[in-house]
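Notes for the structure review
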Amino acid sequence: MSGSILNNKTRKRFFRYEMSGFFFTSAAAAILHFLYEWSGKELLTALFSAVNESVWEHLKIFSLPYVVWGFVEIFCAGVPFKRLAASKVIGLYFMIITIPVFFYTYTGIFGKNVAAVDIISGFAITALSFVVSYRLTTAAPYIERYFTKAMLLFALYCTMTAFFTFAPPRIDLFKDPQTGGYGLDQS
């Protein structure tokens, strides 16, 4: 469907919220990258900031501000709740799937990671996640039908985010390439 489901005024307002959300998420991710260290490794900050340099922890610093902004939009953007919630969760999963796929693809091809590529791709994929949620919210005619499934996926995301910081599986996604450690346990 090429047209918008939302009226023009709501669509424009929502577009401004999505643009603001990208900038909020990007700025917050930059801060959350260092917050755990800046806090003196305060345990509470481990829930929402990067505790090491693993791909998982980088997913966390981009995805959590995205989620926080989604709640701002739910209360302020004037978009029907189920439509927006389902779209935001799909955008979230686009992000948390695409970041590691891109990272492991390009590092597999080139044999190493490049910090500048990691940073730029994180911001680019975040921007695309907002594009996904915007397009679904404004143009997907039946996105509300996925609300219940989206809420289950959101609950899974919340559980994984909290649990895997403290008890990560011993796979590369959670491994700090600098120390070889996992999560808070750097041994």
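The rules behind these values
- What you see as residue numbers is a count from 1 along each chain, following the sequence as written.
- In keeping with the predicted nature of the model, local features appear solely for residues at pLDDT of at least 70, side-chain atom pairs appear and are counted solely at 80 or more, and the whole-chain, interface and lining totals rest on all residues.
- With hydrogens and water set aside, each side-chain value is computed from the structure's full complement of heavy atoms.
- The helix and strand labels rest on DSSP assignments: H or I over at least four residues marks a helix, E over at least two residues marks a strand, and numbering proceeds from the N terminus.
- For every residue, the accessible area obtained with a 1.4 Å probe (protein chains only) is divided by the maximum for its type, and the residue is called buried under 20%, exposed over 50%, and partly exposed between those limits.
- In this analysis, the expected span of each helix is defined as 1.5 Å times one less than the number of residues it contains.
- Any two residues whose heavy atoms approach within 4.5 Å at even a single point are treated as in contact.
- Any pair of N or O atoms that falls within 3.5 Å is considered a polar contact. Within protein, one atom must be able to donate a hydrogen and the other to accept it, and sequence-neighbouring residues count only if both atoms are side-chain atoms.
- Put simply, a patch holds well-exposed residues, over 30% relative accessible area, that have no salt bridge, with like charges counted together within 9 Å and Val, Leu, Ile, Met, Phe, Trp or Tyr side chains within 5 Å.
- The Shrake-Rupley method, run with a 1.4 Å probe sphere, supplies the accessible areas, and residue values consider only the shown protein chains as cover.
- Any carboxyl oxygen of Asp or Glu within 4 Å of a side-chain nitrogen of Lys or Arg constitutes a salt bridge here.
- Axis lines are fitted through C-alpha atoms, for helices just across the contact stretch, and the angle between N-to-C directions can take any value from 0 to 180 degrees.
- For classification purposes, an angle smaller than 35 degrees is called roughly parallel, one larger than 145 roughly antiparallel, one from 65 to 115 roughly perpendicular, and anything else oblique.
- By convention the crossing between two helices is left-handed if the near helix lies anticlockwise of the far one by an angle smaller than a right angle, and right-handed if it lies clockwise.
- Three classes are used, and their members are as follows: Ala, Val, Leu, Ile, Met, Phe, Trp, Tyr, Cys and Pro are nonpolar, Asp, Glu, Lys and Arg are charged, and the others, Gly among them, are polar.
- The pLDDT score gives, residue by residue, the confidence of the prediction method on a 0 to 100 scale.
- Buried Ala, Val, Leu, Ile, Met, Phe, Trp, Tyr and Cys residues form a nonpolar core when they are joined through side-chain atoms within 4.5 Å.
- Ring pairs are drawn from Phe, Tyr and Trp, using the six-membered ring of Trp, whenever the two centres fall within 6.5 Å, and their geometry is named by plane angle: stacked under 30 degrees, edge-to-face over 60, tilted for the rest.
- Note on criteria: charge over ring means Lys NZ or Arg CZ within 6 Å of the ring centre, with the direction from the centre no more than 35 degrees off the ring normal.

As a further point, take unusual backbone geometry. Its identity as a non-glycine residue notwithstanding, K41 has a phi of 60°, on the positive side. Examined against the element boundaries, K41 turns out to sit in the loop between α1 (8–38) and α2 (43–46). Residue classification places K41 among the partly exposed positions, given a relative accessible area of 47%.

The next subject is the environment of T148. Residue position: T148 is located in helix α6 (residues 147–166). Taking C-alpha positions, T148 is 9.8 Å from A85, a pair spaced 63 residues apart along the chain.

The end-to-end C-alpha separation of helix α5 (residues 115–139) is 36 Å, in line with the 36 Å expected for 25 residues at 1.5 Å each. Buried residues belonging to α5 abut α1, α3 (55–76) and α4 (81–110).

Moving on, we get to the side chain of H33. Secondary-structure assignment places H33 in helix α1. One polar contact links H33 to H58, side chain to side chain, over a distance of 3.1 Å. The residues touching H33, leaving out its near neighbours within four places in the chain, are A50, E53, H58 and I61.

Now for a nonpolar patch on the surface. Taken together, the side chains of L43, L44, L47, F48 and F166 present a nonpolar region at the surface, about 460 Å² in accessible area. Looking at where L44 falls in the secondary structure, it is placed in helix α2.

For the pair α4 and α5, interaxial distance at closest approach is 8 Å and the crossing angle is 150°. By the criterion of interaxial angle, the relationship of α4 to α5 is roughly antiparallel. Between α4 and α5 the crossing geometry is right-handed. In the contact of α4 with α5, the residues fall into 14 nonpolar, 8 polar and 3 charged.

Our next topic: α6. With 20 residues, α6 ought to run about 28 Å at 1.5 Å a step, and its terminal C-alpha atoms sit 29 Å apart, in line with that. Regarding α6, the residues found buried are F147, A150, F154, Y157, M160, T161, F164 and T165. Close packing links the buried residues of α6 with α2, α3 and α4.

Overall, the prediction assigns the chain a mean pLDDT of 93, with 97% of residues at 70 or greater. Per-element confidence in the chain ranges from a low mean pLDDT of 91 for α2 to a high of 97 for α4.

Glancing now at the nonpolar core. Across soluble globular proteins, you tend to see nonpolar side chains buried next to one another. Counting residues in hydrophobic clusters, the biggest one holds 34 residues, and the most contacted among them are W56, L92 and Y157. Elements supplying a minimum of two residues to this core: α1, α3, α4, α5 and α6. Here W56 is in contact with M160, T161, F164, T165, L173 and F174, once residues within four sequence places are set aside.

The next thing to look at is the packing of aromatic side chains. For any pair of aromatic rings, the description rests on two quantities: the centre-to-centre distance and the angle between the ring planes. Taken as a whole, this structure holds 18 aromatic pairs when the rule is applied. Geometrically, the ring pair formed by Y66 and F130 is edge-to-face, given 4.9 Å between the ring centres and 65° between the ring planes. Taken together, the positions of Y66 in helix α3 and F130 in helix α5 put the pair 64 residues apart, joining distant regions of the chain. The class for Y66 is buried, based on a relative accessible area of 1%. F130 sits in the buried class, given a relative accessible area of 4%. Aromatic rings pair up to connect W56, F163, F164 and F174 into one cluster. Positioned above the aromatic ring of Y142 is the side chain of R145, whose terminal nitrogen or guanidinium carbon lies 4.1 Å from the ring centre.

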